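Structural overview for review
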Amino acid sequence: QLTNESQEIIKGFLTKRKDFLEVDHEARFHPNRTYYYKKSNDINDIIITCNKTIQNEPDNTKAYILRANAYFKNRLYNDAINDYNYIIDMENNNVDCLYHRGMCYSKLNNHELAIKDFTNV
């Protein structure tokens, strides 16, 4: 469970945004463009917040999931894989994390491990 302070900070990131449509060409054509769009500084703030939460609550899998997804968005695939590994170990093969870890492996051109994860989803 995230601390109240962490929940409020992250809640601020998880809101719908429309201003990105004018500044981000890719977002304008994305099929889910009406949903939350994470800007780079938002992602870095999420990582910092999750780091603090994990430091105080080392078994907080929600913080690991948020951080892993932020790492993925920042193309820090090895860092994301490390967090997904932790979550998969803690939550008995979390299928969402298996899928996302597979996506990381795919981005790193490790197709054998990617296929293994996708097969287990």
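Residues numbered from 1 in each chain as written. Predicted model: local features only at pLDDT ≥ 70, side-chain atom pairs only at ≥ 80, totals over all residues. Heavy atoms only, no water.

**Topic: the overall build of the protein chain**
Within the protein chain, the regular secondary structure consists of eight helices and zero strands. From first element to last, N terminus to C terminus, the protein chain shows the α and β order α-α-α-α-α-α-α-α. For the protein chain, buried positions account for 32% of its 121 residues. Considering only intrachain contacts with a sequence separation of at least 6, the fraction spanning at least 24 residues in the protein chain is 37%. (Helix = DSSP H or I, 4+ residues; strand = E, 2+ residues; numbered from the N terminus. Buried < 20%, exposed > 50% of the residue type's maximum accessible area, 1.4 Å probe, protein only. Contact = heavy atoms within 4.5 Å.)

**Re the environment of Asn-85**
Locating Asn-85 in the fold gives a position in helix 6 (residues 77–90). Separated by 17 residues in sequence, Asn-85 and Ala-68 have C-alpha atoms that sit 9.8 Å apart. Not counting residues up to four positions away in its chain, the partners in contact with Asn-85 are Arg-101 and Tyr-105.

Take it as geometry only, folks, not as evidence of what the structure does.
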